[in-house]
Amino acid sequence: MGKLVDGVWHDVWYDTKSSNGKFVREDAGFRDWIEDDASAQFQPESGRYHLYVSLACPWAHRTLIFRKLKGLEPHIDVTVVCPDMLSEGWQMGLPEPLFGHTRLHQIYTQSKPDYSGRVTVPVLWDKKHNTIVSNESSEIIRMFNSAFNGLTGNDLDFYPQHLAETIDQWNDFIYPNVNNGVYRCGFATTQEAYEQAYEQLFAALDKLESHLATQRYLAGKQITEADWRLFTTLIRFDAVYVGHFKCNKKRIVDYPNLNGYMKELYQVPGVKETTDFYHIKRHYYFSHTGINPTQVVPKGPDLDLDSPHGREAL
Ligand SMILES: N[C@@H](CCC(=O)N[C@@H](CS)C(=O)NCC(=O)O)C(=O)O
């Protein structure tokens, strides 16, 4: 694990000293947009963009789900990095197809030779301008949701205008407490920081559990972006976050509504294929040697994700 400083790779863990043991996530550095507009710098074109992902990463998983459900697989190719993220950061098993690089940090310096910041997945690369368009998953999924519709004819809309405000409210609640909340538990380096994150996480899960008792999806009757953003954390929870990140008050399987909801999303055609428990477990338990120095990866738990979700009545 490390970061780039003026284009040079340094193998360093997160700095939690300056924040009283709290894990504070760095903002993504590349924030351009693909727009279906003749004057846009980044226009939707088949074969023009390449996506670098880890199958372990919940943020990258969002982009894979949108790529799948929005019919973008024939138009945007993908490089999957190895699950182990050690002293060189994310690495490719085979040289990646665009430049033959074997480290993700080389993609960052290929785009910006003096880049400073963390080297994260997902990364959306533009082959035309030879640059990173975006390394912010929440923005990549917004682009995938609508910018390529003219090309694909796929008008599934996970961010419909009439629900935008509700979706934004759920995102604003779920990001700090749940998506990043599990990391705030796991990467905390003081008891106090951990306990604060833990209380906020489980209070949020309790609230979601009662909301989902009467609502099929977060924003009501249709699946939206907010559901996919929550899903990628829920699906990793019992396999990894309960043990590795000490999020162990309850498991998702102990919450009947959240569990049924998660299973329903997992069973949406195409989603299961984007979910890889080998990469998920191997990445966290093997890479975070500060948390799990033996690098032993647990065998369990046995997950039952294909049984009926029972949510139809809602
Ligand atoms: N804001 C980013 C966060 C992405 C992120 O932090 N990805 C993790 C993997 S789960 C990563 O690559 N971490 C490497 C690091 O922090 O050095 C997004 O949502 O796209």
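Above: the structure in question.
A brief structural summary. Keep in mind the model is a prediction, meaning the values are calculated, not measured.

**Here's the deal with the packing of aromatic side chains**
Then, number 1: A complete count under the given rule lists 30 aromatic pairs for this structure.
Then, number 2: Pairing Tyr194 with Tyr198 gives two aromatic rings, centres 5.6 Å apart and planes at 55 degrees, and the pair type is tilted. Highlighted residues: Tyr194 and Tyr198, both in helix H7 (residues 191–214), separated by four residues, approximately one helical turn. Grouping residues by exposure puts Tyr194 and Tyr198 together as buried.
Then, number 3: Its end group placed over the ring of Tyr183, Arg25 keeps NZ or CZ at 4.6 Å from the ring centre.
Then, number 4: When the ring centre of Phe286 is taken as origin, the NZ or CZ atom of Arg282, which lies over that ring, is 3.7 Å away.

**Re helix H9 (residues 256–266)**
Then, number 1: For H9, the tally of buried residues reaches nine of eleven residues, placing the bulk of the element in the interior.
Then, number 2: Within the span of H9, buried status applies to Leu258, Asn259, Gly260, Tyr261, Met262, Lys263, Glu264, Leu265 and Tyr266.
Then, number 3: Elements that come into contact with the buried residues of H9 comprise H7 and helix H8 (225–244).

**Thoughts on the site of the ligand**
Then, number 1: Within the structure, the ligand sits among 18 residues, and Tyr14, Arg25, Trp90, Glu136 and Ser137 are positioned closest to it.
Then, number 2: A distance of 2.6 Å separates an oxygen atom of the ligand from a polar atom in the side chain of Ser137.
Then, number 3: In isolation the ligand offers 520 Å² of accessible surface; the protein chains occlude 93% of this area.
Then, number 4: Its residues assigned to classes, the shell around the ligand comprises eleven nonpolar, four polar and three charged.

**What to know about the nonpolar core**
As a rule of thumb, nonpolar side chains are buried together in soluble globular proteins.
Then, number 1: Formed by 96 residues in total, the largest nonpolar core has its most connected members in Leu104, Phe144, Leu205, Trp228 and Phe237.
Then, number 2: No other element matches H8, which puts eleven residues into this core.
Then, number 3: Look past the residues within four positions of Trp228 in its chain and what remains in contact with it is Ile65, Phe66, Leu69, Phe158, Ile223, Leu265, Val268 and Val271.

Rules used throughout
Residues numbered from 1 in each chain as written. Predicted model: local features only at pLDDT ≥ 70, side-chain atom pairs only at ≥ 80, totals over all residues. Heavy atoms only, no water. Phe/Tyr/Trp six-rings, centres within 6.5 Å; stacked < 30°, edge-to-face > 60°. Helix = DSSP H or I, 4+ residues; strand = E, 2+ residues; numbered from the N terminus. Buried < 20%, exposed > 50% of the residue type's maximum accessible area, 1.4 Å probe, protein only. Lys NZ or Arg CZ within 6 Å of the ring centre and 35° of its normal. Contact = heavy atoms within 4.5 Å. Near = heavy atom within 4 Å. Polar contact = N/O pair within 3.5 Å; in protein donor to acceptor, adjacent residues only side chain to side chain. Areas by Shrake-Rupley, 256 points an atom, 1.4 Å probe, with all protein chains shown as cover. Nonpolar A, V, L, I, M, F, W, Y, C, P; charged D, E, K, R; others polar. Core = buried A, V, L, I, M, F, W, Y, C linked by side-chain atoms within 4.5 Å.

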